[in-house]
Amino acid sequence: SLLNLLGRIHIESGDFVRAEAALRESIEASSRHQEPHSAGFPTVQLGEVAWARGDLPGAQVLFDNALALLPAAEMGVPRAMLHTDRAELALARGDTGLARQELLLALPAARTHVRRLRFWLVTRLKLIFWNGPDWSINCSKPSCRTLPRIVINPAPRLSIIWRR
């Protein structure tokens, strides 16, 4: 919803008071419309707000609540965020086993979005660096030639980026 997006914008800008207000309003709207599953995503983000404020126990409670609220079939961004957040929280507590489990749970949802991001990067690089129908590279720096090759064909070792 727009309230979730607004909450995310406020989180990213560090305005946790406004983020919390928008996310709580989103949760209230989902309960008014009797859609309990739609409260899952704002609850994940409220957990991130609690965590950013240093309230790790509060974040854990919110992440646990979000896990119960998200539909089991939800394998998109909310699920990936939830499990990666829970993995980071587990690492903060020194529980590497739980962190590993959470990352494995996040993988199916994250994998789809990584593929979308890679497609976006490839397309964006083509728009920036290549011009004309022959797709010639419009940049004289060596990194302009290396980065597009790696994004399009990531098989070469990524360490070649750092040598340039």
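Structure shown above.
In this text the structure is predicted, and so the values were computed from the model without any measurement.

**Quick look at the overall build of the protein chain**
Moving on, step 1. Secondary structure summary: the protein chain contains eight helices and two strands in total.
Moving on, step 2. The order of helices and strands in the protein chain, counted from the N terminus, is α-α-α-α-α-α-β-β-α-α.
Moving on, step 3. Here the analysis covers contacts within the protein chain between residues at least 6 apart in sequence; of these, 42% occur between residues at least 24 apart.

**Examining the nonpolar core**
Moving on, step 1. Of all hydrophobic cores here, the largest spans 15 residues; its most connected members are Ile11, Leu23, Val44, Val49, Ala59, Phe63 and Leu82.
Moving on, step 2. Secondary structure elements with two or more residues in this core: helix H2 (16-32), helix H3 (40-52), helix H4 (56-69) and helix H5 (77-92).
Moving on, step 3. When near neighbours in sequence (up to four residues on either side) are disregarded, Val44 contacts Phe63, Ala66, Leu70, Pro78, Met81, Leu82 and Asp85.

**Digging into H3**
Moving on, step 1. For H3, built from 13 residues, the straight-helix expectation of 18 Å at 1.5 Å per residue is met to within 8% by its first-to-last C-alpha distance of 19 Å.
Moving on, step 2. Taking burial as the measure, the 13 residues of H3 include ten buried ones, the bulk of the element.
Moving on, step 3. Those residues of H3 that fall on the buried side of the exposure criterion are Gly40, Pro42, Thr43, Val44, Gln45, Leu46, Gly47, Glu48, Val49 and Ala50.
Moving on, step 4. Once H3 finishes, Gly54 follows within two positions and takes phi at roughly 90 degrees, a positive value.

**As for the packing of aromatic side chains**
Moving on, step 1. Per the counting criterion, the structure on display carries one aromatic pair.
Moving on, step 2. Relative to Phe63, the ring of Trp51 lies with its centre 6.4 Å away and its plane at 80 degrees, an arrangement referred to as edge-to-face. Of the two residues, Trp51 is situated in helix H3 and Phe63 in helix H4; the sequence distance between them amounts to twelve residues.
Moving on, step 3. According to the relative accessible area criterion, Trp51 is partly exposed, its value standing at 22%.

So, how was this worked out
Residues numbered from 1 in each chain as written. Predicted model: local features only at pLDDT ≥ 70, side-chain atom pairs only at ≥ 80, totals over all residues. Heavy atoms only, no water. Helix = DSSP H or I, 4+ residues; strand = E, 2+ residues; numbered from the N terminus. Contact = heavy atoms within 4.5 Å. Core = buried A, V, L, I, M, F, W, Y, C linked by side-chain atoms within 4.5 Å. Buried < 20%, exposed > 50% of the residue type's maximum accessible area, 1.4 Å probe, protein only. Expected span 1.5 Å × (residues − 1). Phe/Tyr/Trp six-rings, centres within 6.5 Å; stacked < 30°, edge-to-face > 60°.

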